[in-house]
Amino acid sequence: MSEGFFDILWPTLFSTVQDIAPIVGVLAVFQVLVLRRRLPHARRMVVGFAFVLLGLALFLIGLEQALFPIGETMARQLTAPDMLGTLGIDGEVDWRNYWLVYVFAAAIGFATTVAEPALIAVSVKAEEVSGGAIKAWGLRFAVAVGVAVGVSLGCFRIVTGTPLPWYIIAAYLVVIVQTFQSSKTIVPLAYDSGGVTTSTVTVPVVAALGLGLAASIPGRSPLIDGFGLIAFASVFPIITVLGYTMATNYTYRWKDRKARGGSES
């Protein structure tokens, strides 16, 4: 058992060192040739760098050994014939039989987003910078709802086989309209929310779900139809965050008008 683990660990660790080496090289060149200063806390940085390499290697092993197989297995089980029933006329796929897939996609999208470390960090900083006007949990909930809707809709696209650009273009048209209707202070945060949510936890599970679903449906290509879920998980959080802030502003305005009306009477 341990020998098998180390047989996987060493090649992954070596590959991780190769990937990180260019970054270290750039930092070293600028530190020595441009800044011309000694590296502060060199021993601490070396130890931290070693932990980063080990952590990345273990994370990659976890992706290959756990997260990707889980997503593919769940997609395969949810699309099994005993779960879906019969196909439609002439063997065509009936999208209504895949409702459990849509529910699972929404649930896993919501859960992975709430647990996303990058989103947690951004939401906490947003609450600090805004002085509490933007609540960390409110922002995380809005982003998680967006990912849930996006991933579920992306699975619907895979099942139906409809072109991906139609959905993405329509979603970004909504984003453009919301951008002009929203406060300038929230637009950058909303755009960043679409990026930070597609990170270490969400991407592996969502990608595995899309690939497994495309491989399980007759007539679908994992290469053509399996990818694209990450695009849904990126754009729909922007829509929900902008919608959340617009709804919050309208609520505050309504309460303010109600309070003024009551005081005048």
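Every value quoted in this text rests on a predicted model; they were computed, and no experiment measured them. (Residues numbered from 1 in each chain as written. Predicted model: local features only at pLDDT ≥ 70, side-chain atom pairs only at ≥ 80, totals over all residues. Heavy atoms only, no water.)

So, the nonpolar core: which residues are in play, and what are the values?
Leu139, Val151, Cys155, Leu209 and Leu213 are the most contacted members of the largest nonpolar core, which has 41 residues in total. Leu213 has contacts with Ala75, Thr79, Val101, Cys155, Ile158 and Val159, leaving out every residue within four places of it along the chain. (Core = buried A, V, L, I, M, F, W, Y, C linked by side-chain atoms within 4.5 Å. Buried < 20%, exposed > 50% of the residue type's maximum accessible area, 1.4 Å probe, protein only. Contact = heavy atoms within 4.5 Å.)

So what's going on with the packing of aromatic side chains? Which residues, and what values?
Across all of its chains, the model carries four aromatic pairs by this definition. An angle of 75° between the planes, with centres 5.7 Å apart, marks the rings of Phe110 and Phe141 as edge-to-face. One end of the pair, Phe110, is in helix α4 (residues 99–114); the other, Phe141, is in helix α6 (residues 136–160), with 31 residues separating them in the sequence. With a centroid separation of 6.2 Å and an interplanar angle of 10°, the aromatic rings of Phe232 and Phe236 are classed as stacked. One end of the pair is Phe232 and the other is Phe236, both in helix α10 (residues 229–264) and four residues apart, which spans about a single turn. On the basis of relative accessibility, which here comes to 0%, the residue Phe232 falls in the buried class. Classification of Phe236 by relative accessible area gives buried; the value is 13%. Following the ring pairs from residue to residue traces out a cluster consisting of Tyr167, Phe232 and Phe236. In this structure, Arg140 is placed above the aromatic ring of Trp137, and the distance from its NZ or CZ to the ring centre is 4.1 Å. (Phe/Tyr/Trp six-rings, centres within 6.5 Å; stacked < 30°, edge-to-face > 60°. Helix = DSSP H or I, 4+ residues; strand = E, 2+ residues; numbered from the N terminus. Lys NZ or Arg CZ within 6 Å of the ring centre and 35° of its normal.)

Describe in detail the confidence of the model for the protein chain, supporting the description with residues and values.
Taken as a whole, the protein chain shows an average pLDDT of 82; of its residues, 91% reach a score of 70 or greater. When mean pLDDT is compared element by element in the protein chain, helix α7 (residues 164–181) scores highest at 93, while helix α3 (residues 81–84) scores lowest at 63. Residue range residues 86–90 is modelled with pLDDT below 50. Its contacts to residues more than four positions away, or to other chains, number three contacts. (pLDDT = per-residue confidence, 0-100.)

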